[in-house]
Every structure is written in structure tokens, then in C-alpha cells.
Amino acid sequence: MTLLLPDADRKTMLPPLAETGWAAVPGRDAIRKVWKFRNFSQAWGFMSRAALAAEKLNHHPEWKNVYNVVDVTLTTHDCQGLSRLDIDLAQALDRLAPEADIERNHGEPVSGLCEQRSRMA
């Protein structure tokens, strides 16, 4: 079984992801990022590369695509929250689309996930 990301790792690993546009999903132990590409073809190309990265990690995102926008949420269902798999996949996805615009106003600061998880324990 996959383990939840420990608080110490959350404090060191989540802030760099926040800088790239990942945000906490309100009410969930999950992170989300929204990419906006120039067109559908670029969005689809990103999704194809992302699918290969996800398959390599055997960890699959929740996502949706509307024309040139790709909306990705990461959480690990096995442990019902964030795990190292989510961090690894987020970092991999970030490397796939440096040219895309990032929607930064779509969630809560990731620092809230450290505090939220601590209150649940």
C-alpha cells in the first residue's frame, strides 16, 4: 500500500510545486494545476506525453480537457491523499509543457495541505 506523504516532505516538496502553479484542492488532500495551450493539438500532445509519464509511474491523474485547456488533479486513491507518487508525477508533468500558460487562481495555497493533514491526524 502506498503511504501518505509525511508532513516533513509536504513542507519541503509542496512549495516548489506551488511556484510552478500547483494549488491545493479545497476539501481534499490533492493538488491541481491548469495548463492553457495555444491550441487543441498542443494540449493533446501534452496529454499524450503525460499519459506515458503516468503509465511509467503506474500512477494516473484525474484530468479533463476542453479544447486548449488541460486540468489535472493528483491524489493517491490507495492512501486517500497525497503520496510521493503525486509529487513525482507533478514534477514530470511540469517538465512536459514549459511553454504553456498556467492558470494560477484555481485553488488554495499548498501550504494548507500541511496544516489540513496535521489536523486530521
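Preceding this paragraph is the structure being described.
Residues numbered from 1 in each chain as written. Predicted model: local features only at pLDDT ≥ 70, side-chain atom pairs only at ≥ 80, totals over all residues. Heavy atoms only, no water.

Engineer: Explain the packing of helix 2 (residues 40-57) against helix 3 (residues 84-96) here, please?
Structural biologist: Helix-helix packing: each pair is described by the crossing angle between the helix axes and the interaxial distance. Contact geometry for helix 2 and helix 3: axes closest at 10 Å, N-to-C directions at 150 degrees. Relative to helix 3, the element helix 2 is oriented roughly antiparallel. Helix-helix and strand crossings are classified by hand; for helix 2 and helix 3 the assignment is right-handed. Residues Phe 46, Arg 49, Ala 50, Ala 53, Ala 54 and Leu 57 of helix 2 form the contact with helix 3, whose participating residues are Leu 85, Asp 88, Leu 89, Ala 92, Leu 93 and Leu 96. (Axes fitted to C-alpha atoms, helices over the stretch in contact; angles between N-to-C directions. Helix = DSSP H or I, 4+ residues; strand = E, 2+ residues; numbered from the N terminus. Parallel < 35°, antiparallel > 145°, perpendicular 65-115°, else oblique. Left-handed = near helix turned anticlockwise from the far one by under 90°. Contact = heavy atoms within 4.5 Å.)

Engineer: Which parts of the structure should I look at to understand the pairing of strand 3 (residues 62-66)?
Structural biologist: Within a regular strand, the side chains alternate between the two sheet faces. The pairing of strand 3 with strand 4 (residues 69-74) spans five bridges and is classified as antiparallel. Paired with Asn 65 across the two strands is Val 70, which belongs to strand 4. Taking the residues between adjacent antiparallel strands as the criterion, strand 3 and strand 4 are bridged by two residues, where Tyr 67 takes a positive phi near 50 degrees. (Pairing = 2+ DSSP bridges.)

Engineer: Teacher, can you tell me more about helix 1 (residues 7-19) here?
Structural biologist: Since the α-helix turns once every 3.6 residues, residues separated by three or four places project in the same direction. Helix length check: helix 1, at 13 residues, gives a terminal C-alpha distance of 19 Å against a target of 18 Å (1.5 Å per residue), a fit within 8%. At Met 13, helix 1 shows its strongest bend, of approximately 30 degrees, with the proline Pro 15 following within four residues. Burial in helix 1 covers these residues: Arg 10, Met 13, Leu 14 and Leu 17. Immediately downstream of helix 1, the backbone of Gly 21 shows phi near 115 degrees, a positive value. (Expected span 1.5 Å × (residues − 1). Bend = angle between axes of the 7 residues up to and from the residue. Buried < 20%, exposed > 50% of the residue type's maximum accessible area, 1.4 Å probe, protein only.)

Engineer: When you look at the pattern of salt bridges in this model, what are you seeing that I'm missing?
Structural biologist: Proximity of charged atoms lets side chains of opposite charge pair with each other. A complete count under the given rule lists five salt bridges for this structure. Where Arg 10 meets Asp 29, a salt bridge forms, and the shortest distance between an N and an O atom there is 2.9 Å. Here Asp 29 lies in the loop between strand 1 (23-24) and strand 2 (31-36) and Arg 10 lies in helix 1, a separation of 19 residues in the sequence. As far as burial versus exposure is concerned, Arg 10 and Asp 29 are alike and both buried. Measuring nitrogen to oxygen at the nearest pair gives 2.5 Å for the salt bridge that ties Lys 33 to Asp 94. Of this pair, Lys 33 sits in strand 2 while Asp 94 sits in helix 3, and the two are 61 residues apart along the sequence. Here Lys 33 matches Asp 94 in class, with each residue buried. (Salt bridge = Lys/Arg side-chain N within 4 Å of Asp/Glu carboxyl O.)

Engineer: Sorry if this is basic, but what is going on with the side chain of Asp 86 here?
Structural biologist: Relative to the helices and strands, Asp 86 is located in helix 3. One buried charge, Asp 86, has no salt-bridge partner; the nearest side chain with opposite charge is Arg 10, at 7.8 Å. A distance of 2.6 Å separates polar atoms of two side chains, one belonging to Asp 86 and the other to Thr 76. Residues contacting Asp 86, with those up to four places away along its chain left out, are His 59, Leu 74, Thr 75, Thr 76 and Gly 81. (Lys, Arg positive; Asp, Glu negative; His and termini not counted. Polar contact = N/O pair within 3.5 Å; in protein donor to acceptor, adjacent residues only side chain to side chain.)

Engineer: Before we go on, may I ask you to explain helix 2 in this structure?
Structural biologist: With 18 residues, helix 2 ought to run about 26 Å at 1.5 Å a step, and its terminal C-alpha atoms sit 26 Å apart, in line with that. All of the buried residues along helix 2 are Ala 43, Phe 46, Met 47, Ala 50, Ala 53 and Ala 54. For helix 2, the buried positions fall inside an angular range of 125 degrees around the axis, keeping them on one side. Away from its buried face by more than 90 degrees, helix 2 exposes Ser 41, Leu 52, Glu 55 and Lys 56. In this structure, the buried residues of helix 2 make contact with strand 2, strand 3, strand 4 and helix 3. Structurally, the start of helix 2 carries an N-cap: the backbone nitrogen of Ser 41 is 3.1 Å from a side-chain oxygen of Asn 39. Asn 58 sits one or two positions beyond helix 2 and adopts a positive phi of about 55 degrees. (Arc of directions from axis to C-beta.)

So yeah, pure geometry; function would need other evidence.
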